[in-house]
Amino acid sequence: METFNGTGVSKGYAIGTAYVIEPCEKKSAAHTAGNSCEEAERLKGAVELSKRQVKDIAQKASRSLDGKNAGIIESQINFLDDPAFVGQAFTLIKGKNISAETAVSHVADSLYAAFSHIDDDYIKERAADIKDIGDRILKNLAGEKSGIDFENMPENTVLFAHDLKPSDTAQIDKSKVSAFVTEAGGRTSHTAILAKAFGIAAVVGCKGMLGNVKTGDKVITDGVSGTVLINPDEKELSKYTRISEKFKTENAKNTAAAKRAVYTKAGKRITVAANIGTINDLKTAISNGAEGVGLFRTEFLYMDRSDMPSEEEQFEVYKKAAQMLDGRPLTIRTLDIGGDKSLPYLNLPKESNPFLGLRAIRLCLKDTGIFKPQLRAILRASAFGNIQIMFPMISSLGELSEAKGVLESCKAELRRRGEAFDSCIKTGMMVEIPSAAIMADSFAGHVDFFSIGTNDLTQYTLAADRLNENVSELYNPMNPAVLKLIQMTINAAHAASIPCCMCGELASDEKAAAVLLGYGLDEFSVSPGAITETKSNLLKKASAGQ
Amino acid sequence: MTTQTVKILNKVGLHARPASMLVNTAGKFGCDIKIKSSEKSVTAKSMINLLSLRAKMGDTITIEADGSDEKEAVKALTDLINSKFGED
């Protein structure tokens, strides 16, 4: 038995049979150069053939993969037209009177070396594409067929390679391959991305394993720890059979759990919603079983651009999100900018204490030219689904009534315009400033719901900047002071018969679930990727306790 | 000669897919097109050269075209970059 360690980049376990993809041997020595015209013609033919092959692979890939991955392969066609690659090889043939093989090897090697040294992981990974294309042209020059024997692969095959090339992986039969192991590559490598898309285990950066593994060997791949065992003994085999079974059951359970509703022992329904920033997030959230959106961060609509998004633009996005949710609630938080998030086109003054400065609702109330178009867009979208409005950073009753006043004036304007909206639209507030939590009972009568933002509530209560690593020990949402404020907020909500949600990080904290259920929290809103785990945890805790 | 300075707006910057779209668009025009960053200037018709610019979100680049269809080329490339290459 031999053990190798790399980086696990896609979770999962595979016990299977190795298939080793041998690196392509350079054939440049085998062919002596003819005259430069002949060599150029040979290269031209090999490049044309390579283009057809890559196009063919890309087409197959677009049927079995999503568009983004197929795009990676398609981008290889550009390399085949690239003046800096194939163009350079032609120049070398003419200028130095060398064989097409030598020219291609030379160019591919120097580009591979150059790309490998770029300090951007993503671009570094493109070195694999360059090598792939170079190898393909060389193979076509030598007249051999390219590709791996996927037809006759047994089930549970674990692919071993120096680096998996997009053109190799595009033809993979998902029903037969159960893991990837490569010597090269990092977390952003093509291998990692593809393995995650396939939902199979992958270990990359597993140095020195080639040469110690041959096709047909029995292997274990641990995509969690990054361990690869070649010809494992009985003890390891039975251990991993157990772990792998457990992993599969857990996974199936979590996915199934996401479809079930959570009820406490007392029969109260608990919902798990999603925190989203984009329509893409919402797609993930819905497929993971979100029962609504507890927090739509609208900041993303305002960022990475040079001007404010118009009412119309925002309306389209909110409307689309509401329609996708098909009746489930969509809680839209009005612009929360300022603090650590700034917008260049707003020309906000630099502040010495940005977290205690002009941000979120404070900014919107000061400049209703920003606030009103957003409120009108949200109101208009409410005609197309179940939308709720949420104001961030409320610290006093005065601010809340001022915000509600602006909302009313927007409703009046839409009525004048004759635009449809939900006249009973629910309006709530974030409880993320200690003063709001302390006075929650006074606020509760003026809103339709509370949503606790634990990230800000924790940093304001403990006076500890959550982004400052020197005080990160002090930043603890489970600090008794913070928990007490959370409990007060939930109690005040229930006394006024309104629901209370939580949309901070704490909502997805496994250790906090029992406490929050005990306090009577009605909704847990978490990131789209955390929905299934949060839900299965809540199902366990809810039936065990309250 | 026509030039235009633009900001890269898409999240991943000039990575494989955006660079590939840029090369394909540039290839439709007969004029010479160069893309300049603060560090260097490369031809817009080479994917490898474009990747080597390592242009990230927020970086500013200059498109410079020379030839009979230079105006159309600069407009098409500017529009493509401003559309964030179709990323969400």
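Residues numbered from 1 in each chain as written. Chains lettered and ligands numbered in written order. Predicted model: local features only at pLDDT ≥ 70, side-chain atom pairs only at ≥ 80, totals over all residues.

Concerning the overall build of chain A
Inference 1: Scanning chain A for helices and strands turns up 20 helices and 17 strands.
Inference 2: Of the contacts formed within chain A by residues at least 6 apart in sequence, a portion of 68% connects residues at least 24 apart. (Helix = DSSP H or I, 4+ residues; strand = E, 2+ residues; numbered from the N terminus. Contact = placed C-beta atoms within 7 Å.)

Here's the deal with the overall build of chain B
Inference 1: Looking only at helices and strands, chain B features three helices and four strands.
Inference 2: In chain B, the succession of helices and strands from N to C terminus is β-α-β-β-α-β-α.
Inference 3: Residues counted as buried form 42% of the 88 residues belonging to chain B.
Inference 4: Residue pairs in contact within chain B that sit at least 24 positions apart in sequence constitute 72% of those at least 6 positions apart. (Buried ≥ 20, exposed ≤ 12 C-beta atoms within 10 Å, placed from the backbone.)

With respect to the interface of chain A and chain B
Inference 1: With 20 residues of chain A at the interface, the matching set in chain B holds 15 residues.
Inference 2: Looking at the side of chain A that touches chain B, the elements with two or more residues in it are helix 2 (67–81), helix 3 (83–96), helix 5 (121–142) and helix 9 (279–287) of chain A.
Inference 3: Ranked by the residues each element gives to the side of chain A that touches chain B, the list is headed by helix 2 of chain A, at six residues.
Inference 4: Classifying every residue of the side of chain A that touches chain B gives 10 nonpolar, five polar and five charged. (Nonpolar A, V, L, I, M, F, W, Y, C, P; charged D, E, K, R; others polar.)

With respect to the packing of helix 1 (residues 16–26) of chain B against helix 3 (residues 70–82) of chain B
All names here are of chain B.
Inference 1: Contact geometry of helix 1 with helix 3 gives a least axis separation of 10 Å together with a crossing angle of 160°. If you check the angle between helix 1 and helix 3, you find them roughly antiparallel. Two packed elements cross with a definite hand, and for helix 1 against helix 3 that hand is right-handed. For the pair formed by helix 1 and helix 3, the contact residues are Met-21, Leu-22, Thr-25 and Ala-26 on the first element and Ala-73, Ala-76, Leu-77 and Leu-80 on the second.
Inference 2: A per-class count over the contact of helix 1 with helix 3 returns seven nonpolar, one polar and no charged. (Axes fitted to C-alpha atoms, helices over the stretch in contact; angles between N-to-C directions. Parallel < 35°, antiparallel > 145°, perpendicular 65-115°, else oblique. Left-handed = near helix turned anticlockwise from the far one by under 90°.)

Some remarks on the confidence of the model for chain B
Inference 1: Taken over all residues, the pLDDT of chain B has a mean of 89, while the share at 70 or more is 99%.
Inference 2: Interface confidence for the predicted complex, expressed as ipTM, amounts to 0.81; the pTM equals 0.54. (pLDDT = per-residue confidence, 0-100.)

So, the sheet that holds strand 3 (residues 41–43) of chain B
Strand pairing within a sheet occurs via backbone hydrogen bonds; the two strands may be parallel or antiparallel.
Residues and elements named next belong to chain B.
Inference 1: Overall, antiparallel pairing links the four strands, which are arranged 1-4-2-3 in an open sheet. Strands with a single pairing partner mark the edges of an open sheet, and in this sheet they are strand 1 (2–7) and strand 3. With direction set aside, neighbouring strand axes in the sheet form an average angle of 25°. (Pairing = 2+ DSSP bridges.)

A few points about the sheet that holds strand 6 (residues 201–204) of chain A
Residue and element names in this part refer to chain A.
Inference 1: One open sheet accounts for eight strands, arranged 1-8-7-3-4-5-6-2; its pairing is mixed. Whereas interior strands pair on both sides, the edge strands pair on one side only; in this sheet they are strand 1 (2–5) and strand 2 (7–10). On average, each strand axis in the sheet is tilted by 30° relative to the strand beside it, whichever way the strands run.
Inference 2: Relative to strand 8 (residues 227–230), strand 1 is paired through four bridges, and the arrangement is antiparallel. What sits directly across from Phe-4, in strand 8, is Val-228.
Inference 3: Lying on the sheet, helix 8 (residues 234–257) is in contact with strand 3 (13–20), strand 7 (218–222) and strand 8; it crosses strand 3 at an angle near 115°.

Structural notes on the nonpolar core
Inference 1: Core analysis: the largest hydrophobic core is formed by 84 residues, its most contacted members being Val293(A), Tyr318(A), Ile378(A), Met429(A), Val431(A), Phe450(A) and Met502(A).
Inference 2: With 58 residues, the next largest nonpolar core counts Ala61(A), Met21(B), Leu22(B) and Val74(B) among its residues. (Core = buried A, V, L, I, M, F, W, Y, C linked by C-beta atoms within 7 Å.)

Some thoughts on the packing of helix 3 of chain A against helix 4 (residues 100–116) of chain A
The description of two packed helices rests on the angle between their axes and on the distance between the axes.
All names here are of chain A.
Inference 1: Relative orientation of the contacting elements helix 3 and helix 4 amounts to 135°, with a least axis distance of 9 Å. If you check the angle between helix 3 and helix 4, you find them oblique. Two packed elements cross with a definite hand, and for helix 3 against helix 4 that hand is right-handed. Across the interface between the two elements, Phe-85, Gln-88, Ala-89, Leu-92 and Ile-93 from helix 3 touch Ala-100, Ala-103, Val-104, His-106, Val-107 and Leu-111 from helix 4.

What about the pairing of strand 10 (residues 269–276) of chain A?
All names here are of chain A.
Inference 1: Taken across its eight residues, strand 10 has seven buried, putting it largely inside the fold.
Inference 2: Bridge analysis of strand 9 (residues 262–263) against strand 10 gives two bridges, and the strand direction is antiparallel. Bridged to Tyr-263 within strand 10 is Arg-269.
Inference 3: Between strand 9 and strand 10, which pair antiparallel one after the other, the connecting turn spans five residues, and Gly-267 there sits at a positive phi close to 95°.
Inference 4: Sheet topology note: the strand 10/strand 17 (residues 523–526) ladder contains four bridges and is parallel. When the sheet's bridge partners are listed, Ala-273 is paired in strand 17 with Ser-525.
Inference 5: As defined by bridge partners, strand 10 adjoins strand 11 (residues 293–297) across three bridges and the pair is classed as parallel. Each residue of the ladder has a partner; that of Ala-274, found in strand 11, is Val-293.

Some points on helix 3 of chain A
Inference 1: By the burial criterion, the buried members of helix 3 of chain A are Ala84(A), Phe85(A), Val86(A), Gln88(A), Ala89(A), Leu92(A) and Ile93(A).
Inference 2: Of the residues flanking the end of helix 3 of chain A, it is Asn97(A), one or two places downstream, whose phi is positive at about 55°.

Considering unusual backbone geometry
Inference 1: Positive phi, normally seen in glycine, also occurs at Asp326(A), with a value near 50°.
Inference 2: Along the chain, Asp326(A) falls in the loop between helix 11 (311–325) and strand 12 (330–333).

Some remarks on the pairing of strand 4 (residues 60–66) of chain B
Residue and element names in this part refer to chain B.
Inference 1: The pairing of strand 1 with strand 4 spans six bridges and is classified as antiparallel. Paired with Lys-7 across the strands is Thr-60, a residue of strand 4.
Inference 2: Where strand 2 (residues 32–36) lies against strand 4, five bridges are found, and the strand directions are antiparallel. Among the inter-strand pairings, Ile-33 is bridged to a residue of strand 4, identified as Ala-65.

Comments concerning the environment of Lys45(B)
Inference 1: Tracing the backbone through its elements, the reader meets Lys45(B) in the loop between strand 3 and helix 2 (47–52).
Inference 2: Placed 18 residues apart in sequence, Lys45(B) and Gly27(B) show a C-alpha to C-alpha distance of 6.1 Å.

Topic: the environment of Glu38(A)
Residues and elements named next belong to chain A.
Inference 1: In this structure, Glu-38 sits in helix 1 (residues 36–64).
Inference 2: For Glu-38, a count of 13 C-beta atoms within 10 Å corresponds to the partly exposed category.
Inference 3: C-alpha separation for the pair Glu-38 and Ile-93, spaced 55 residues apart in sequence, amounts to 9.8 Å.

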